[in-house]
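Chain and residue survey
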Number of protein chains: 2
Amino acid sequence: MLTLKPDHSELVVLAVLAEAPSYGYAISKAVAARSEGHFRLGPSSLYPMLTKLEKQGLVDTDWEEVKADTADPDAEGRKRKWYRLSAKGQKRLAQHIEAYHRARSILDTFVAPAAEGRGATQ
Amino acid sequence: MLTLKPDHSELVVLAVLAEAPSYGYAISKAVAARSEGHFRLGPSSLYPMLTKLEKQGLVDTDWEEVKADTADPDAEGRKRKWYRLSAKGQKRLAQHIEAYHRARSILDTFVAPAAEGRGATQ
DNA sequence: CAGGATATATCGGCTTGCGATATATCGCAA
DNA sequence: TTGCGATATATCGCAAGCCGATATATCCTG
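What counts as what
Residues numbered from 1 in each chain as written. Chains lettered and ligands numbered in written order. Predicted model: local features only at pLDDT ≥ 70, side-chain atom pairs only at ≥ 80, totals over all residues. Heavy atoms only, no water. Helix = DSSP H or I, 4+ residues; strand = E, 2+ residues; numbered from the N terminus. Expected span 1.5 Å × (residues − 1). Buried < 20%, exposed > 50% of the residue type's maximum accessible area, 1.4 Å probe, protein only. Arc of directions from axis to C-beta. Contact = heavy atoms within 4.5 Å. Pairing = 2+ DSSP bridges. pLDDT = per-residue confidence, 0-100.

A separate point is helix α3 (residues 43-55) of chain A. All names here are of chain A. The terminal C-alpha atoms of α3, which comprises 13 residues, lie 18 Å apart, in line with the 18 Å expected from a rise of 1.5 Å per residue. Here α3 has its buried residues at Leu 46, Met 49, Leu 50 and Leu 53. Down the axis of α3, the buried set is contained in an arc of 105 degrees. They therefore lie on one face. Exposed side of α3, more than 90 degrees from the buried face: Pro 43, Ser 44 and Lys 55 are the residues found there. Buried positions along α3 lie against α1 (8-19), α2 (24-34), β2 (59-66) and β3 (78-85). Two residues or fewer after α3 comes Gly 57, characterised by a positive phi angle close to 75 degrees.

Residue and element names in this part refer to chain A. The three strands lie next to each other as β1-β3-β2, forming an open sheet whose pairing is antiparallel. Both edges of this open sheet fall to β1 (22-23) and β2, since each of them pairs with a single strand only. In this structure, β1 lies alongside β3, joined through two bridges in antiparallel fashion. Along β3, the bridge assignment pairs Ser 22 with Tyr 83.

Turning our attention to the confidence of the model for chain A. Of all residues in chain A, 82% attain a pLDDT of 70 or more, and the chain-wide mean is 85. Summarising per-element confidence for chain A, the mean pLDDT is lowest in helix α4 (residues 87-115) of chain A (89) and highest in β1(A) (96).

Below you can see the structure in the form of structure tokens.
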């Protein structure tokens, strides 16, 4: 039984991470860029979700110390938290994709007849 | 800017009503039937939504007195509340469909590469 | 006359998404 | 050198949506 509210945000994030490990800010920009600005994933949506993914073991994380252009070797640099898809995360992504495809084909059967005779075909 | 959480329930209900006027219980059954049991729209999801649609003027309503198989002409029969799509509701449906198509094509670009090389090409 | 299907409706809780907000660093240009 | 926009992560609290449980009442069939 499918829910009528598929968790698209999680699907998108997992899909992005499936291509290459990334970090929060880059994911946010990637989603906006690849959707040509149609999808937005702001900090308040993204970071709680990444935390949730981490807790569920769907992603593994690493902190990267982004070195500043400084002579001081003890300087505290900016930190970047990298996320990479775990095996469990890959399985979850596959489930998401399967659910999405199923939901899509069913929704199409509802939408298609309603779009006919109104020029809204596509 | 699209939200990542399209209101599929409303889309589905409006799409069903676009084909023919109907009432709550029938809509619930129609959704389950047409999705082959994959979509479920129970009373606690459906009725609050229909009320909302009515308040927003997207549907017009009529009560039907379902006559019982009784000799008594004064008998109180079961009541059926019919919903039919208004002009405003048709416009809203068109917007829903457009948003759905846009969201679908964008989501596909995220999903497609993630599905490659894993036999999940469907 | 009992039980399942028909028919509508509310309540409370859980989850999710997001605007607002906070903090801190980096790089570039004035 | 200083200030500002971009980079980078994170929390709080509200609003909305979905749904299980529950309630009520009628109809039809066995």
